[in-house]
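Chain by chain, the residues run as shown.
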Number of protein chains: 2
Amino acid sequence: MTENVTVKTLARELNISIATVSKALNDSHEISLDTKQKVLALAKKLKYERNPAASNLRSQKTKTIAVIVPEIANSFFSLAINGIEEIARKRDYHVLIYQTHENSDTETAFTESLVCGRVDGILISVSSSTNNSLHFKSLVKKIPVVFFDRAIDDIDAIKVTTDDYESAYNATLHLIENGCKNIAYLSALSKLDTGKKRIQGYLDALKNKGLGFNEGLMVTHDADKDKTYDRIKNLLTSQKPDAIISSVEEMVIPAYHACKALGMRIPDDVKILSFSNLSTAALLNPSLTTITQPAFEIGQEAAGFLFKLLDKKYFTTDEIPVLKSVLIKRDSTAG
Amino acid sequence: MTENVTVKTLARELNISIATVSKALNDSHEISLDTKQKVLALAKKLKYERNPAASNLRSQKTKTIAVIVPEIANSFFSLAINGIEEIARKRDYHVLIYQTHENSDTETAFTESLVCGRVDGILISVSSSTNNSLHFKSLVKKIPVVFFDRAIDDIDAIKVTTDDYESAYNATLHLIENGCKNIAYLSALSKLDTGKKRIQGYLDALKNKGLGFNEGLMVTHDADKDKTYDRIKNLLTSQKPDAIISSVEEMVIPAYHACKALGMRIPDDVKILSFSNLSTAALLNPSLTTITQPAFEIGQEAAGFLFKLLDKKYFTTDEIPVLKSVLIKRDSTAG
DNA sequence: GCAATTCACTTAAACGTATTCGTAAATAAA
DNA sequence: TTTATTTACGAATACGTTTAAGTGAATTGC
C-alpha cells in the first residue's frame, strides 16, 4: 500500500491550493486553462482517483441510482435493467440492484436503507405482495422515485407503464376470433394497477363479445410454485377451458407442463398465450403466442425520467408515455 | 426538508458526547448497557439513519460489493447473482452490478472505477473478449477479487468454477453412445480456461472413442448475432453433422432456428445439446438436453469466498470447490 | 484616470462519522 | 491503606472532498 494520492498530493506537488486542484478537476470556470491542464496531467500521471465517499459526503450526491425489482432472473426485468443501465452509463452513474423476491417487507427494508443518502434516486417495480402504499408515499417525498411497469395505484408519482388494458383486450379478441369460447385467465399482480388493468381488458373483451365468465376460470398466482401448478392443473380438468391467458410469464411455464402432464394438446385442445419476454418463446413446443412488453425501452424511459428529476428539469405528466406492447401470434394460439 | 438527524442531534438531546453516541451505535464494549439503550431508543424515535458516505470515508469500508458480469439477461448470470445476493444480504452488504456486454474495454473501465474505494470487494466473470490479463493482475493486488465461472487463466486468484472438462467430455460420450459420429461444436469463450476446457473435453472424448475431427466442425461465436446464425447454418449444410454441442446457451437458440429454417429434424437428423441454464429447456421443441451448471451455488460460493477475504480469514486454495454440472438428457438427443 | 468588474486563486470551514488518546471515578489487587 | 486496573465516558482529530467567502492583480468602463 503506497501512500494514497489525494487532492492534497496534487496540490503539494504543483504548489497550488487544494481548492484550486478540486476546482480544476471539476472543470470549474474559475480556473485557468493552463492550471487545469497541469492538474489533469499530474492526476493522470499519479493515477489520482477521486474518493467517492468524501465526494458524496461533501456534495450530497452519490452518482448512484438504485433499481428495485422483484426478480432479476426474469426476462422482463433483466431487459429493463439493461435499458436502465444504458442510460445510467451515459451519465456515468452507478447502479445498485435490489431484489425483493416479491416480498413486501424486504422491499420496505430496502427503501428505508436507501433514503439516507446512499443513492440519488430510485427506480422501482413494486412487489406483487405490496398493498400498503403508506411507506411509498413518504419515500417519494424524500428522494426522486420513478416507478416502472408495476406502480402503486394511489400515489402521485412518475410511472412508466405499458398499455396493459388494451393489450389484454386485444389478446382476448385474438383468441375469440380463433374460435375460443371458454377462456381462462391466470391472474397475478391483482393488487396492482398493472394486474387490474390486464384483468379488466380480458373481462371487457369477453363481455363485448357476449362470452360468459365465471370465477372458476380465474386462477390466481401463488408464491408456492407447486400450488400454482396444482391450481392450473385443476383448472384444466374442472373447467376444460379452450384457451388460457396468462398475465405473467411465471404462470405460462407451469401451464405448459400441466397440459403435457394431462395429455392436452396445444393449440388443438387448449390455446395459450401469455404476457412474456421469454427469448425462447418462438422455440417452445409449441411456439408461444406472447404479449411482449418493450422491456428495454421501459427501462430507458424510466431512467430518463429519473434523470430529469435529478436535473430538476420540469415536465408535465402527459409527457410520460404509455408504451405499447405487441401481440406476437405463434403456434400456441393457431386456429 | 427538516433538519437532518445525525449523531450530533442524538448527542445534544441526550447530553452526552458524539463519541459516546457513535460508539453506542456501533455496540462498542466501552459503553454501558444503559447508555446504549438510551441512544438506540432515541435513534429509533428520531429515525436516525447513519450517513453512509461519512461512515465510508472515516472507516474506509463501504459495505458494498461489485458484481461484474457479461450480461444480466442470461439465465446463468442472473441465477449466479441471486446466489451472490443471498449471501450479501445476510451480511447486510449492498450489491452494485455492472454489465460488460462482453466488451473488454468496458470491463477495464469498470474495474478502474472501482479500485478507489467505492466497493470493498469484487466478484467477476470476465468478458469473452478479454485476453489481456495485465490489468487484472494489478487489480487483485489492490482489492479483494473472486472470479466465478469465467476466470483469467494465468492469474493467481480465487476462482470458483465448474467441471467444464468433465461435463463436456461426458456430454460428448452421451452423443456418441446415441450413435453420433460427426459431432460439431459451437465454440465460445475460447480465450478463457472455461472455454478451453470444454473444447478439450469434447476433443478428448472424440479421440478416445476413435472419432474423427476436422476444423470445419468447429464454429466460433461472433458478437454479431446474424453472423453466428449464418455460420451455424453454413455448418449444417456443409458438414452435415449428426450432432451439435453448444458451449454456450446463446448459440443453441440460433442452432434451433437454423435447423427449423433448413427443415432438419431434431433429434432425428441432428442431435443437439448445450451448456445452459434456460428455465424453458424442457419446454423447447424438442426439449433440450442441457449441461446445467449450478449457477445459484456458484454465486453463493464465490460470494462466500469474497467475504472470507474481506474477513481476512485464511484458507487454502484446495478448499475452493470445483462445482459439478449435471447433464440433463432430454428429447433433443434422444436415440 | 479612477471606480467597477473580472480573473485566478487561496483560506477556511464544512459534510457526519469513527477512533485515538485522555481522564476521572469505581473497583480490584496487594 | 495504597496501588493497579477496569469502566464509562469526552475532547479532539482525521477521513478527502467541495464550496462560500475573500483577496490581490489585471482588465474594463466611463
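The structure displayed is predicted, hence computed values, not measured ones.

### Digging into the overall build of chain A
Part 1 of the reasoning: When helices and strands are counted, chain A shows 12 helices and 12 strands.
Part 2 of the reasoning: Its C-alpha atoms give chain A a radius of gyration of 25 Å, more than 25% over the compact-globule value 20 Å for 335 residues.
Part 3 of the reasoning: Out of the 335 residues belonging to chain A, those deemed buried represent 52%.
Part 4 of the reasoning: At a minimum sequence separation of 6, the contacts of chain A that also span at least 24 residues come to 68%.
Part 5 of the reasoning: As displayed, chain A has an accessible area near 15,400 Å², and 50% of this comes from carbon and sulfur atoms.

### Digging into helix H6 (residues 104-114) of chain A
Part 1 of the reasoning: Turning to H6(A), its buried residues are Ser104(A), Thr106(A), Glu107(A), Phe110(A), Thr111(A) and Leu114(A). The arc that holds the buried residues of H6(A), viewed along the axis, is 155°, so those residues lie on one side.
Part 2 of the reasoning: Buried-residue contacts for H6(A) involve strand S1 (64-69), strand S2 (94-99), strand S3 (121-124) and helix H7 (134-142) of chain A together with helix H5 (75-90) of chain B.
Part 3 of the reasoning: Backbone nitrogen of Asp105(A) and a side-chain oxygen of the N-cap are separated by 2.7 Å at the start of H6(A); the cap is Asn103(A).

### So, helix H3 (residues 33-45) of chain B
All names here are of chain B.
Part 1 of the reasoning: Relative to the 18 Å expected for 13 residues at 1.5 Å per residue, H3 spans 18 Å between its end C-alpha atoms, a close match to the ideal helical length.
Part 2 of the reasoning: Those residues of H3 that sit buried are Thr35, Lys36, Val39, Leu42 and Ala43. The buried residues of H3 occupy one face: seen down the axis, they fall within an arc of 140°. Looking at H3, the residues exposed on the side facing more than 90 degrees away from the buried face are Leu33, Lys44 and Lys45.
Part 3 of the reasoning: Where H3 is buried, its residues contact helix H1 (7-14) and helix H2 (18-25).
Part 4 of the reasoning: Directly after H3, the chain includes Lys47, whose backbone phi takes a positive value near 55°.

### A short note on the sheet that holds strand S8 (residues 243-246) of chain B
Residues and elements named next belong to chain B.
Part 1 of the reasoning: As summarised here, the arrangement of the six strands in space is S7-S6-S8-S9-S10-S12, forming an open sheet in which the pairing is mixed. Only two strands of the sheet have a single neighbouring strand rather than two, namely strand S7 (218-220) and strand S12 (326-328). Averaged over neighbouring strand pairs, the angle between their axes works out to 15° when direction is ignored.
Part 2 of the reasoning: In this structure, strand S6 (residues 183-187) lies alongside S7, joined through three bridges in parallel fashion. Counted as the bridge partner of Ser187 is Thr220 from S7.
Part 3 of the reasoning: On the sheet, helix H9 (residues 193-208) packs against S6, S7, S8 and strand S9 (271-275) and is oriented at approximately 175° with respect to S6.
Part 4 of the reasoning: Packed onto the sheet, helix H10 (residues 225-239) meets S6, S7 and S8 and runs at close to 170° relative to S7.

### As for the protein's contact with DNA strand D
Part 1 of the reasoning: Around DNA strand D lies a shell of 27 residues, among which Tyr48(A), Arg58(A), Thr20(B), Lys23(B) and Glu30(B) are the nearest.
Part 2 of the reasoning: Protein-proximal atoms of DNA strand D, defined as those within 4 Å of the protein, fall in sugar or phosphate at a share of 61%.
Part 3 of the reasoning: Taking Ala54(A), its main chain carries an N or O atom lying 3.4 Å from a base nitrogen of DNA strand D.
Part 4 of the reasoning: Elements with a contribution of two residues or more to the surface near DNA strand D: helix H2 (18-25) and helix H4 (52-59) of chain A together with H2 and helix H4 (52-59) of chain B.
Part 5 of the reasoning: Among the elements that line the surface near DNA strand D, the one with the most residues is H2(A), at four residues.

### Considering the protein's contact with DNA strand C
Part 1 of the reasoning: Taken together, 25 residues lie near DNA strand C, and Thr20(A), Glu30(A), Thr35(A), Tyr48(B) and Arg58(B) sit nearest.
Part 2 of the reasoning: Sugar and phosphate atoms represent 56% of those atoms of DNA strand C found within 4 Å of the protein.
Part 3 of the reasoning: Residue Asn51(B) places a main-chain N or O atom 3.5 Å away from a phosphate oxygen belonging to DNA strand C.
Part 4 of the reasoning: Contributing elements (two or more residues each) for the surface near DNA strand C: H2 and H4 of chain A together with H2 and H4 of chain B.

### Remarks on the interface of chain B and chain A
Part 1 of the reasoning: With 45 residues of chain B in contact, the opposing surface of chain A contributes 45 residues.
Part 2 of the reasoning: Carbon and sulfur atoms supply 59% of the area that chain B and chain A bury against each other, a total of about 3,900 Å² over both sides.
Part 3 of the reasoning: On the chain B side of the interface with chain A, the three residues burying the most area are His94(B), Arg118(B) and Leu283(B), jointly 17% of the side's total.
Part 4 of the reasoning: The interface formed by chain B and chain A holds zero salt bridges in total.
Part 5 of the reasoning: Linking chain B with chain A are 17 residue pairs in polar contact (both at pLDDT 80 or more).
Part 6 of the reasoning: When contributions to the side of chain B that touches chain A are tallied by element, the ones reaching two or more residues are H4, H5, strand S2 (94-99), helix H6 (104-114) and helix H11 (249-262) of chain B.
Part 7 of the reasoning: Residues of the side of chain B that touches chain A, tallied by class, amount to 21 nonpolar, 15 polar and nine charged.

### Some points on unusual backbone geometry
Part 1 of the reasoning: Across the junction of Ile266(A) and Pro267(A), the peptide omega takes the value 0°, indicating a cis bond.
Part 2 of the reasoning: Along the chain, Pro267(A) falls in the loop between helix H11 (249-262) and strand S9 (271-275).
Part 3 of the reasoning: A cis amide bond, omega -5°, links Asn285(A) with the succeeding residue Pro286(A).
Part 4 of the reasoning: For Pro286(A), the location among the structural elements is in the loop between S9 and strand S10 (289-292).
Part 5 of the reasoning: A positive phi angle is found at Lys63(B), which is not glycine, with a value near 55°.
Part 6 of the reasoning: For Lys63(B), a relative accessible area of 38% corresponds to the partly exposed category.
Part 7 of the reasoning: Of note, the phi angle at Lys312(B) is positive, near 55°, even though the residue is not glycine.
Part 8 of the reasoning: Relative to the helices and strands, Lys312(B) is located in the loop between helix H12 (295-310) and strand S11 (322-323).
Part 9 of the reasoning: When its relative accessible area of 60% is taken as the criterion, Lys312(B) is described as exposed.

### Things to note about the pattern of salt bridges
Part 1 of the reasoning: For the coordinates displayed, the defined rule picks out 26 salt bridges over all chains.
Part 2 of the reasoning: Between Asp311(A) and Arg91(A) there is a salt bridge, with its nearest N and O atoms 2.9 Å apart. In this pair, Asp311(A) is assigned in the loop between helix H12 (295-310) and strand S11 (322-323) and Arg91(A) in the loop between helix H5 (75-90) and S2, connecting sequence segments 220 residues apart.
Part 3 of the reasoning: Residue Asp164(B) pairs with Arg198(B) through a salt bridge whose shortest N-O separation is 2.8 Å. A residue pair is termed long-range when its members are at least 10 positions apart, and Asp164(B) in helix H8 (residues 164-177) and Arg198(B) in helix H9 qualify at 34 residues.
Part 4 of the reasoning: Beyond isolated ion pairs, a larger network of salt bridges with shared partners links Arg265(A), Asp268(A) and Asp269(A).

The rules we used
Residues numbered from 1 in each chain as written. Chains lettered and ligands numbered in written order. Predicted model: local features only at pLDDT ≥ 70, side-chain atom pairs only at ≥ 80, totals over all residues. Heavy atoms only, no water. Helix = DSSP H or I, 4+ residues; strand = E, 2+ residues; numbered from the N terminus. Rg over C-alpha atoms; globule rule 2.2 N^0.38 Å. Buried < 20%, exposed > 50% of the residue type's maximum accessible area, 1.4 Å probe, protein only. Contact = heavy atoms within 4.5 Å. Areas by Shrake-Rupley, 256 points an atom, 1.4 Å probe, with all protein chains shown as cover. Arc of directions from axis to C-beta. Polar contact = N/O pair within 3.5 Å; in protein donor to acceptor, adjacent residues only side chain to side chain. Expected span 1.5 Å × (residues − 1). Pairing = 2+ DSSP bridges. Axes fitted to C-alpha atoms, helices over the stretch in contact; angles between N-to-C directions. Near = heavy atom within 4 Å. Buried area = accessible area lost by both parts, 1.4 Å probe. Salt bridge = Lys/Arg side-chain N within 4 Å of Asp/Glu carboxyl O. Nonpolar A, V, L, I, M, F, W, Y, C, P; charged D, E, K, R; others polar.

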